[in-house]
Protein chains: 2
Amino acid sequence: MPKIDELCINTIRCLSIDIVQKANSGHPGAPMGMAPMAYVLWDRFLKHNPADPKWPDRDRFILSAGHASSMLYSLLHLTGYDLPLDELKQFRQWGSKTPGHPEYGLAPGVEATTGPLGQGFANGVGMAIAQSMLAQHYNRPGHEIFDHFIYSIVSDGDLEEGITAEAASLAGTLQLGRIVYLYDDNDISIEGHTDIAFKEDVGKRFEAYGWQVIGPLDGNDTEAIDGAIRKARAVTDQPSLIICRTVIGFGSPNKAGTAGAHGEPLGEDEIRLTKQNLGWPGEEPFTIPPEASGHFREAQERGKQKQADWDNKLQSYRKEYPQEAEQLEGELRGDLPQGWDTGLEGLFSNQEKPIATRAASGQVLNTIAPYLHSLMGGSADLSPSTKTIMKDRGDYSAEDYNGHNMHFGIREHAMGAIANGMALHGGVIPYAATFLVFYDYMRAPVRLAALMKLRVVFVFTHDSVGVGEDGPTHQPIEQLIGLRSVPNLITFRPADATETVEAWRGALEREDGPTALALSRQGLPVIDRTKLAPASGVHRGGYVLWEASTSPDVIIIATGSEVDIALKAGEVLQGEGIAARVVSMPSWELFDAQPQDYRDQVLPPNIRARVSIEAGTTLGWERYVGIDGIAIGVTHFGASAPSKVVYEKLGLTPQRVVEEVQKLVRKGNS
Amino acid sequence: MPKIDELCINTIRCLSIDIVQKANSGHPGAPMGMAPMAYVLWDRFLKHNPADPKWPDRDRFILSAGHASSMLYSLLHLTGYDLPLDELKQFRQWGSKTPGHPEYGLAPGVEATTGPLGQGFANGVGMAIAQSMLAQHYNRPGHEIFDHFIYSIVSDGDLEEGITAEAASLAGTLQLGRIVYLYDDNDISIEGHTDIAFKEDVGKRFEAYGWQVIGPLDGNDTEAIDGAIRKARAVTDQPSLIICRTVIGFGSPNKAGTAGAHGEPLGEDEIRLTKQNLGWPGEEPFTIPPEASGHFREAQERGKQKQADWDNKLQSYRKEYPQEAEQLEGELRGDLPQGWDTGLEGLFSNQEKPIATRAASGQVLNTIAPYLHSLMGGSADLSPSTKTIMKDRGDYSAEDYNGHNMHFGIREHAMGAIANGMALHGGVIPYAATFLVFYDYMRAPVRLAALMKLRVVFVFTHDSVGVGEDGPTHQPIEQLIGLRSVPNLITFRPADATETVEAWRGALEREDGPTALALSRQGLPVIDRTKLAPASGVHRGGYVLWEASTSPDVIIIATGSEVDIALKAGEVLQGEGIAARVVSMPSWELFDAQPQDYRDQVLPPNIRARVSIEAGTTLGWERYVGIDGIAIGVTHFGASAPSKVVYEKLGLTPQRVVEEVQKLVRKGNS
């Protein structure tokens, strides 16, 4: 190995272990084993410009094994990203850009928040999907605007997780040749040798998925790694997995090859021994030999040049294809094109029959799709039920990367993470759909979308016991509160078709986080907006939909399919001389974010006779009804029966609301 | 094919489609394709006794593709289980034993609640683990008390789900030869041909996992199926997958081989055509030809005989090994042996230093493990952190099925479902451990454990932002409310070591549902029970731990690691002349289940100055603090920094509690 390569690799290793030691917390072993593959990739292949981490045609590098973050921070610092050494010294400290696991949006050059295993692997599949769609749609002969690769380093843990199996199988089916993943095959996980739980033949498994599998090769053999990456890049219709046999904690005399190198600092003594063993020139922590520094920094000049070439390419593209270029640039900025929502105005004003909000959502989607090229998504094999097919937008497939309807297969977990990857890539607005109860299969990526502040629309239909006959396995109870409890996720549960329009509008206009739509299976009457309050109230989260009097005796709060029940109860109560106000509360998060005076207007603090109704757990509703109010809901599992029967039997009826209100009013009078 | 076989297979088909048609809801296509394999399995191999669905040595049959429930109900009825035809006619109706997807505990003979895809596949792996442990531990030469197989029919959807990949890889590693799964390979899923998302070579993938793969064979060829099952049973050190090529909706002239046969009734006309096409003798729906009926019912005599043989075996075992037999029978009943908890008394009475509740949990586990042979569990590759290793109980592995420490690998989703399968099998009490944030990877099996009322202990450590340096990807925020919102799940978040003892006691003594333990990473002072209320209060969910006065001005409610903060705040307030009561509330579910007068005693309705503190989302705490109280918590994502810094920065401190109380008291005074 050339001296400079060895020096640079050891620079990564030593910097990484120093970072962890300084923090007195972290994972030194993985960086020590991965350093050669990371070095070869970053030094010889990775197309990036440290001065512009957002350059659209850069290669993406995802450290799926996010616990090896100190290595990524080292690489970013060494190649000249805006990440000073002081930030590396602040690893895992409050307010630093170098948290324990890489977080998208903090250190420049971090392409995805990783740590929860398998997510990064699947994010990369999403990035490759976005890349391929944009390339197929926008590239022209001689104008390869999109010509980048998706690289990742993945670990044993990544490959054990089921999400990876899902994403890998789909990537193979879709022949995503731009994916080049390096597998850090070090045989060690936290409980010991991986053989205790993971004896499978990984290479054979990936071949079965349709991947090109290269190796196993010696993870310290830089030329072998070089050749493997070349081979991987050369095959254009298969994703590639390069199996690199490595040693966790490589170089550490007493901890190499053991779980002891995984999750805690090596200790100062062992670091000394390790540096001796590696023939490391530096005595002080955070030493960076000038030759290594100089070599790494060449990335800056290379990157500048490459991006300049690309800028020229884009300029000539702009000349030849001004319309495409304009659209493309808007999409890369994340703009919604002017007039994208014109079709939404009055979309359901002639809708007389009840319509399920999932069906209304399908109509909304198809109304805006022709104006919103960047919209791309699909379902985990439920599209006829989730109503998420965009007509005339084609199926995305290995035969046609220009299609916009995704078929994720029965793989909710990967679907979520792939949608996240699409959003991370940029240029597309992804949506992902399944039944609300199967949100349980994809909690982690929804959370990560929120943490990463990604514009992803999660469409969850069949949102209550209204699912009916499929029974409790398919009837969400605790999933709505689940959505609402995720920080930075906004959830809408629209009451009818008109609220569904506004919910979609809210989702698409939101740029700093994901949105979840909870939609009904069953038909719901369309609220007559000529008589009741306008649907624009949705954007304030909750609003007074109807009231018998401006000084009501009681407030009934409802969401989604139960708003109609609340309205009917309000009418009955009016007949009995009890003045009710009905509040539609499609989004708790938006309502809670309103100024106090608005919230007090909708829910006057002095009116404590409050009843909520929602076909889900009552837990959490006390926020609005308080200790003195009554929350009607479902606090046990549902049951298999026709939807209407289930609603009757579980007391999700106007009559029940009326009774509870009467109880409250009597109590207040006594 | 012998006439009787054909007739019986068509009986399954026709009964299944009639059931779906009568309900006007359900999935006719899968049963029509699967009928031959199900018939061969049930007719020639399945060891079961319809008169005693709980016979411990019966073979287990799991319909992982739970949507084909009408087929399972048909088989149960036909072979003589206590499931009358009237129940089949009540398919998917309120109160029936025949819900849309099979539910454990309703129809006799249903071994697992299935429907959410992949769960049944993984449940079976858990059953095989329990079987193998019990066999290895209890069987003696000539006394094969445990000698049964785990069969399942799995679908494309099952195999696309990541949980299946996780479970299959582990089953291969563990060489679970008792697993015989039939794969209904029909190429159709809801969105169309599986090729759109699922082109992988399934056989090769399973070979890579270490499975014996048999087929593909013609799913209508009963002799081929017969031979394949024989071959599968013959190989004892590999699980087997039999790939059966089938046609969804087989027999239906217009719907066979299409997604149209999947999820809705065929319709009366198509049923007529189908029955003609199959040469079906019956005109009326629900016709069962007497020859078929007679043939199916032979299962009763066979089963009776087999179980009688086994009873004899057990009796002679009892004579030769009375001690083992007694222990075994207790375990099969689910008893906790007398004196299992003697070591727990005063376990931490000499504990002076703070101790993390995860560490206390490890001590509890190791105190009871010697007395509780049935305890068996482990972690998703985090046992050094979750402290869930039982010393001297051995590692469960292919080399030693008698070990009790499981190594699930980095596979949370499968871990949960495997634990469920172990509980379903009986004879073991399983536990499964990971970090609380990774509950997100295993929400579905925790929910299903609750729905199935299984005794499973889910151990979730690192239960708050107290995780510290690992940062927001590893810091739970919304997971506690997530646990609490699952019906029939009981969650404990113990405040210290002494509450941890009671939490484990509560978990193990509970027989009708799962329990989750939320445990701290960081050390917590041990509450001095000689001065404060006894830890037995845990069993009431919430209790008064300390108070400055029996008529307090304010109530502070806390859980887990925040109880100590509340106590400190209480003392400070006392110094300021404000009398506080500190309530420890380790389990909301148990507290909510107490009689009103107890709850009113702990939280007197007239005291509305209430503050809660918990290092998680505040959502839900309004149940106890009401609209007028204050909930202190974390309503955004956490941050990477040392635990103490995070607590300080996020205001999880006694000082903050004091300030909020002062605000409340001032408000009350104004």
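Nothing here was measured: the structure is a model prediction, and the numbers come from that model. (Residues numbered from 1 in each chain as written. Chains lettered and ligands numbered in written order. Predicted model: local features only at pLDDT ≥ 70, side-chain atom pairs only at ≥ 80, totals over all residues. Heavy atoms only, no water.)

A. Fine view of the overall build of chain A. Of the regular secondary structure elements, chain A holds 24 helices and 20 strands. By the compact-globule yardstick of 26 Å for 670 residues, chain A fits well, its C-alpha radius of gyration being 28 Å. Dimensions along the principal axes, computed over C-alpha positions, put chain A at roughly 90 × 60 × 45 Å. With 670 residues in all, chain A has 69% of them scored as buried. In chain A, the proportion of contacts linking residues at least 24 apart, taken out of those at least 6 apart, comes to 77%. Total accessible area on chain A is roughly 21,100 Å²; 47% of this is exposed by carbon and sulfur atoms. Side-chain charges in chain A split into 61 positive and 86 negative, and the spacing between the mean points of these groups amounts to 3 Å. (Helix = DSSP H or I, 4+ residues; strand = E, 2+ residues; numbered from the N terminus. Rg over C-alpha atoms; globule rule 2.2 N^0.38 Å. Buried < 20%, exposed > 50% of the residue type's maximum accessible area, 1.4 Å probe, protein only. Contact = heavy atoms within 4.5 Å. Areas by Shrake-Rupley, 256 points an atom, 1.4 Å probe, with all protein chains shown as cover. Lys, Arg positive; Asp, Glu negative; His and termini not counted. Charge placed at Lys NZ, Arg CZ, Asp CG, Glu CD.)

B. Expanded view of the environment of Leu174 of chain B. Mapped onto the secondary structure, Leu174 of chain B falls in the loop between helix H7 (162-173) and strand E3 (179-185). Ignoring any residue separated from it by four or fewer positions in sequence, one finds Leu174 of chain B in contact with Ile129, Tyr396, Ser397, Ala398 and Tyr401 of chain B.

C. Representation of the relation of the copies chain B and chain A. It takes a turn of 180° to lay chain B on chain A, together with a shift of 0.0 Å along the axis; the resulting RMSD is 0.0 Å. Taken together, the rotation and translation describe the operation of a two-fold axis. (Least-squares fit on C-alpha atoms with pLDDT ≥ 70 in both.)

D. Quick look at the sheet that holds strand E13 (residues 490-492) of chain A. Residues and elements named next belong to chain A. If you trace the six strands from one edge of the open sheet to the other, you get E10-E9-E11-E12-E14-E13, paired in parallel fashion. In this open sheet, the two strands that pair with only one neighbour each are strand E10 (405-407) and E13. On average, adjacent strands in this sheet sit at an angle of 20° to one another, irrespective of strand direction. Across four bridges, the pairing between strand E12 (residues 457-461) and strand E14 (residues 515-518) is parallel. The residue bridging Val457 from the neighbouring strand is Thr515, located in E14. (Pairing = 2+ DSSP bridges. Axes fitted to C-alpha atoms, helices over the stretch in contact; angles between N-to-C directions.)

E. How the structure looks around unusual backbone geometry. Cis geometry marks the peptide bond from Gly215 of chain A to Pro216 of chain A; its omega dihedral reads 5°. You can see Pro216 of chain A is positioned in strand E6 (residues 212-218). Of note in the backbone geometry, Asn488 of chain B takes a positive phi value of approximately 65° without being a glycine. Owing to a relative accessible area of 28%, Asn488 of chain B belongs among the partly exposed residues under this scheme.

F. Spotlight on the interface of chain B and chain A. With 104 residues of chain B in contact, the opposing surface of chain A contributes 104 residues. In total, about 8,500 Å² of surface goes out of reach between chain B and chain A, with carbon and sulfur atoms giving 58% of it. Broken down residue by residue, the surface that chain B buries against chain A is led by Trp94, Glu191 and Arg447 of chain B, which jointly contribute 10%. Where chain B packs against chain A, one counts ten salt bridges. On the surface where chain B and chain A come into contact, there are 52 residue pairs in polar contact (both at pLDDT 80 or more). (Buried area = accessible area lost by both parts, 1.4 Å probe. Salt bridge = Lys/Arg side-chain N within 4 Å of Asp/Glu carboxyl O. Polar contact = N/O pair within 3.5 Å; in protein donor to acceptor, adjacent residues only side chain to side chain.)

G. Representation of the domain arrangement of chain A in the model. Parsing chain A into structural domains produces domain 1 (3-302), domain 2 (357-518) and domain 3 (535-669). Computed over C-alpha atoms only, the centres of domain 1 of chain A and domain 3 of chain A are separated by 52 Å. (Domains from an automatic or database assignment.)

H. Examining the packing of helix H2 (residues 29-45) of chain B against helix H11 (residues 290-320) of chain B more closely. Residues and elements named next belong to chain B. Relative orientation of the contacting elements H2 and H11 amounts to 35°, with a least axis distance of 9 Å. Taken as a pair, H2 and H11 cross one another with a handedness that is left-handed. Facing Tyr39, Trp42 and Asp43 of H2, the residues of H11 in contact are His295, Phe296 and Arg302. Tallied by class, residues from the contact of H2 with H11 come to three nonpolar, one polar and two charged. (Left-handed = near helix turned anticlockwise from the far one by under 90°. Nonpolar A, V, L, I, M, F, W, Y, C, P; charged D, E, K, R; others polar.)

I. Fine view of the sheet that holds strand E20 (residues 630-632) of chain B. Residues and elements named next belong to chain B. What the five strands build is an open sheet, ordered E16-E18-E17-E19-E20; its pairing is mixed. At either end of the open sheet lies a strand with only one pairing partner, and these are strand E16 (543-547) and E20. Shown here is a sheet whose adjacent strand axes are inclined to one another by a mean of 25°, direction ignored. Pairing geometry for strand E17 (residues 554-558) and strand E18 (residues 580-584), over five bridges, is parallel. Considered in E18, the bridge of Ile557 is made with Val583.

J. Molecular detail of the side chain of Arg529 of chain A. All names here are of chain A. Along the polypeptide, Arg529 turns up in the loop between strand E15 (523-524) and strand E16 (543-547). In this structure the side chain of Arg529 is engaged in a polar contact, spanning 2.7 Å, whose partner is the backbone oxygen of Ala533. In this structure, Arg529 is in contact with Asp496, Thr498, Glu499, Pro534, Ala535, Tyr543 and Leu545, ignoring residues within four places of it in sequence.

K. H2 of chain B, seen in detail. All names here are of chain B. When the terminal C-alpha atoms of H2 are compared, their 24 Å separation across 17 residues agrees well with the 24 Å that a helix rising 1.5 Å per residue should span. Helix geometry: H2 is bent most strongly at Ala35, by close to 55°, with proline Pro36 lying one to four residues after it. With 16 of 17 residues buried, H2 is to be regarded as a mostly interior element. (Expected span 1.5 Å × (residues − 1). Bend = angle between axes of the 7 residues up to and from the residue.)

L. Summary view of the packing of aromatic side chains. A full pass over the atoms with the stated rule returns 46 aromatic pairs over all chains. When the ring of Tyr39 of chain B is compared with that of Phe296 of chain B, the centres are 5.9 Å apart and the planes differ by 85°; the resulting orientation is edge-to-face. Within this pair, whereas Tyr39 of chain B is found in helix H2, its partner Phe296 of chain B is found in helix H11, the two being separated by 257 residues in sequence. Look at Phe296 of chain B and you get buried, because its relative accessible area is 4%. Clustering of aromatic rings is evident, with ring pairs tying together Phe121, Tyr181, Phe206, Tyr209 and Trp211 of chain A. (Phe/Tyr/Trp six-rings, centres within 6.5 Å; stacked < 30°, edge-to-face > 60°.)

M. Main features of the environment of Met452 of chain B. All names here are of chain B. As for its position among the elements, Met452 is in helix H16 (residues 443-452). Looking at Met452, the relative accessible area reads 3%, which means it is buried. Distance in space between the C-alpha atoms of Met452 and Asp512 is 8.6 Å, their sequence separation being 60 residues. Non-local contacts of Met452, meaning those with residues more than four positions away in its chain, are made with Tyr104, Ala112, Thr113, Asn420 and Leu424.

N. Layout of the pairing of strand E7 (residues 240-245) of chain A. All names here are of chain A. Among the six residues of E7, five are classified as buried, and the element is accordingly described as predominantly covered. Pairing of E6 with E7 involves five bridges; the strand directions are parallel. Each residue of the ladder has a partner; that of Asp218, found in E7, is Arg245. Following the backbone out of E6, through helix H9 (residues 222-234) and into the adjacent parallel E7, one traces a crossover that is right-handed. (Right-handed = clockwise from strand over helix to strand, strands pointing away.)

O. Representation of the pattern of salt bridges in the model. All names here are of chain A. Taken as a whole and judged by the stated rule, the model has 72 salt bridges over all chains. Arg245 is paired through a salt bridge with Asp185; the nearest N and O atoms lie 3.0 Å apart. Pair noted here: Arg245 is in strand E7 and Asp185 is in strand E3 (residues 179-185), with a separation of 60 residues, a long-range link. In this structure Arg245 comes out as partly exposed when scored by relative accessible area, which is 36%.

P. Examining the confidence of the model for chain A more closely. Chain-level statistics for chain A give a pLDDT mean of 97 and a share of 100% at 70 or above. If you check the scores for this complex, the pTM reads 0.98 and the ipTM reads 0.98. (pLDDT = per-residue confidence, 0-100.)

Q. Molecular detail of the packing of helix H5 (residues 119-138) of chain B against helix H15 (residues 412-425) of chain B. All names here are of chain B. Packing of H5 against H15 brings their axes to within 6 Å, and their N-to-C directions diverge by 55°. Viewed along their axes, H5 and H15 adopt a mutual orientation that is oblique. Where H5 crosses over H15, the handedness of that crossing is right-handed. Residues Gln119, Ala122, Asn123, Val125, Gly126, Met127, Ile129, Ala130, Gln131 and Leu134 of H5 touch H15, and the partners they reach there are His413, Ala417, Ile418, Asn420, Gly421, Met422, Leu424 and His425. (Parallel < 35°, antiparallel > 145°, perpendicular 65-115°, else oblique.)

R. Region of interest: the pairing of strand E11 (residues 429-435) of chain B. Residue and element names in this part refer to chain B. Summarising burial for E11: seven of the seven residues are buried, a large majority. Where strand E9 (residues 375-379) lies against E11, five bridges are found, and the strand directions are parallel. Within the sheet, the bridge partner assigned to Gly378 lies in E11 and is Ala432. Pairing of E11 with strand E12 (residues 457-461) involves five bridges; the strand directions are parallel.

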